[in-house]
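In case you want the letters, here they are:
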Amino acid sequence: MSVKEATKAAPAPVRAASEPPRPRKKHRAYDEVPRWQIYLPLSIYLVFTLIPFYWILLFSLRPPGSTSLVPWPMTFDHFEKVWTERSFGTYFQNSVLVGVVTLLMTTLVALAGGYALARFNFKIKRAFMLALLCSQFVPGALLLVPLFEIFAELQMINSLGSVIIAETVFQLPLSMILISNFIKNVPYSLEEAAWVDGCNRFTAFRIIVLPLLRPGLIAVGSFAFVHSWNHFLFALMFLNNQEKQTIPVGLNTLMGADSVDLGALAAGGIIAAVPVVIVFAFIQKWLITGFSAGAVKG
């Protein structure tokens, strides 16, 4: 047998089974940074954020004339004083009414306008969107005099309706933009499928689109509520009667020309802040989802 034939007849060498490739460890950016470089700035920021809140809580709970850095013994006299003697109960009711009605009106109008911007094409659409964006650069203080003249002609001065209308109008541009971007993320084919099944446009919107807009509606509604709750200028200009004033104006009345009741002012600040903190504690998940989804186009 020749060498060539022997080479062909010899069995091919068996290769050793190669070991499976080891998975490569993914390196993330924050894994390469020491943890203390992350926690230290966050801790400093947290301390500077919480100290003012603790200071307000301290003044509201410690007895008058006390200089202790710990609110002990605790007293709720400041809360009782501002709630009864300073009419903060009335201010609180007015602020809740203004905030809730502004929330509802802003959400409903922004929902209708946002759907039109997202689903319909018309000639002045780009110009209209540009006008909405430009309106956000106009300070509300510049429009106080024209708005006052308009509400005076409508006999709405010293009425909560004037504050509600003004707050709603100023919240609508941003709210419509957010809602329109959120609706664009909902596939148009879902509505078309509902039309094929016999639904009209309104029914398809109510059944298909509206349930998917819950995070966006919560984000828009919460933003409108907080802005109307904390806004000072409109309530100061349009409301003259003490029984119609809101919490921001009520806090301003606690600061006199010669002296300031720090305990009452701190208690009023706690009363003004607690409802907003509670609301945000329950809706923070929906709020973050709504703003992140409405900030991009699908």
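Residues numbered from 1 in each chain as written. Predicted model: local features only at pLDDT ≥ 70, side-chain atom pairs only at ≥ 80, totals over all residues. Heavy atoms only, no water.

Asker: Before we go on, may I ask you to explain the overall build of the protein chain in this structure?
Answerer: The number of helices and strands found in the protein chain is 13 helices and zero strands. Secondary structure elements in the protein chain, listed N-terminal to C-terminal, are α-α-α-α-α-α-α-α-α-α-α-α-α. Taking all 298 residues of the protein chain together, the buried fraction comes to 33%. By sequence separation, contacts in the protein chain at least 24 residues apart represent 73% of the contacts at least 6 residues apart. (Helix = DSSP H or I, 4+ residues; strand = E, 2+ residues; numbered from the N terminus. Buried < 20%, exposed > 50% of the residue type's maximum accessible area, 1.4 Å probe, protein only. Contact = heavy atoms within 4.5 Å.)

Asker: Explain empty space enclosed by the protein to me, please; I cannot follow it from the model alone.
Answerer: It is the rolling of a water-molecule-sized probe over the atoms that shows where space remains empty. Going through the model one piece at a time under the given rule, you end up with one cavity of 30 Å³ or more. Quantified by volume, the largest cavity comes out at close to 40 Å³. Forming the walls of the largest cavity are Ser95, Val98, Val163, Glu167, Ser228, Trp229, His231, Ala235, Thr246 and Pro248. Broken down by secondary-structure element, the contributors of at least two residues to the lining of the largest cavity are α4 (88-119), α7 (160-184) and α10 (214-230). Its residues placed into classes, the lining of the largest cavity shows five nonpolar, four polar and one charged. (1 Å grid on protein atoms, 1.4 Å probe; cavity = no way out; pocket = protein on both sides within 12 Å on 5 of 7 lines; lining within 4 Å. Points joined across faces, edges and corners; volume = space filled by probe spheres on them. Nonpolar A, V, L, I, M, F, W, Y, C, P; charged D, E, K, R; others polar.)

Asker: What exactly am I supposed to notice about the packing of aromatic side chains here?
Answerer: Think of a pair of aromatic rings as described by two things: how far the centres are apart, and how the planes are tilted against each other in angle. This model, assessed by the stated rule, comprises 12 aromatic pairs. Where tyrosine 188 meets tryptophan 195, the ring centres are 5.6 Å apart and the plane angle is 85°; that geometry is what we call edge-to-face. Residue class for tryptophan 195 comes out partly exposed when judged on its relative accessible area of 28%. Ring pairing ties together the aromatic residues Trp83, Phe92, Phe225 and Trp229, which thus form one cluster. The ring of phenylalanine 59 has arginine 62 sitting right over it, with the charged end atom 4.5 Å from the ring centre. (Phe/Tyr/Trp six-rings, centres within 6.5 Å; stacked < 30°, edge-to-face > 60°. Lys NZ or Arg CZ within 6 Å of the ring centre and 35° of its normal.)

Asker: For this particular structure, what's the right way to read the environment of phenylalanine 232?
Answerer: Position of phenylalanine 232 relative to the elements: it lies in the loop between α10 and α11 (233-238). Overall, phenylalanine 232 belongs to the partly exposed group, its relative accessible area being 26%. Separated by 16 residues in the primary sequence, phenylalanine 232 and proline 248 have C-alpha atoms spaced 5.5 Å apart. Excluding anything up to four places from it in sequence, phenylalanine 232 contacts Pro248, Val249 and Asn252.

Asker: Even after reading the chapter, I still don't get the layout of surface pockets, so can you show me in this structure?
Answerer: Each pocket or cavity is described by its volume, and for the largest pocket that value is around 270 Å³. Around the largest pocket sit 15 residues that line it, and Ser135, Gln136, Val138, Phe170 and Gln171 are the ones nearest its centre. Broken down by element, the lining of the largest pocket gets its largest block of residues, five residues, from α7. Split by residue class, the lining of the largest pocket holds nine nonpolar, six polar and no charged.

Asker: What exactly am I supposed to notice about the side chain of threonine 246 here?
Answerer: By secondary structure assignment, the location of threonine 246 is in the loop between α11 and α12 (247-253). When near neighbours in sequence (up to four residues on either side) are disregarded, threonine 246 contacts Tyr91, Asn94, Ser95, Val98, Ala235 and Leu239.

Asker: Sorry, what's going on with helix α2 (residues 35-61) here?
Answerer: Here α2 contains 27 residues, and its C-alpha end-to-end distance of 37 Å stays within 8% of the 39 Å for a straight helix at 1.5 Å per residue. A maximum bend of about 25° is found in α2 at leucine 50, where proline proline 52 lies one to four positions downstream. Of the positions making up α2, those classed as buried are Leu58, Phe59, Ser60 and Leu61. (Expected span 1.5 Å × (residues − 1). Bend = angle between axes of the 7 residues up to and from the residue.)

Asker: Teacher, can you tell me more about the nonpolar core here?
Answerer: If you look at soluble globular proteins, the nonpolar side chains tend to sit buried side by side. In terms of nonpolar packing, the biggest core is built from 19 residues, with Leu111, Ile179, Ile183, Phe205 and Leu213 touching the most fellow members. At the level of secondary structure, the elements contributing two or more residues to this core comprise α4, α7, α9 (201-212) and α10. Among the elements that make up this core, the one with the highest residue count is α7 (seven residues). If we skip the residues at most four places from it in the chain, leucine 111 touches Ile179, Ile183, Phe205, Leu210, Leu213 and Leu217. Formed by 16 residues, the second largest nonpolar core is a distinct cluster that contains Phe79, Val226, Trp229 and Ala272. (Core = buried A, V, L, I, M, F, W, Y, C linked by side-chain atoms within 4.5 Å.)

Asker: Mind showing me how you'd approach the packing of helix α5 (residues 125-135) against α7 here?
Answerer: The angle between the axes and the distance between the axes are what describe a pair of packed helices. Interhelical geometry of α5 versus α7 gives an angle of 130° and a closest axis separation of 8 Å. Accordingly, the angle class assigned to the pair α5 and α7 is oblique. Between α5 and α7 lies a crossing whose hand is left-handed. Contact with α5, carried on its side by Phe128, Met129, Leu132, Leu133 and Ser135, involves Pro173, Met176 and Ile177 of α7 and no other residues of that element. (Axes fitted to C-alpha atoms, helices over the stretch in contact; angles between N-to-C directions. Parallel < 35°, antiparallel > 145°, perpendicular 65-115°, else oblique. Left-handed = near helix turned anticlockwise from the far one by under 90°.)

In short, shape yes, function no, at least from these values alone.
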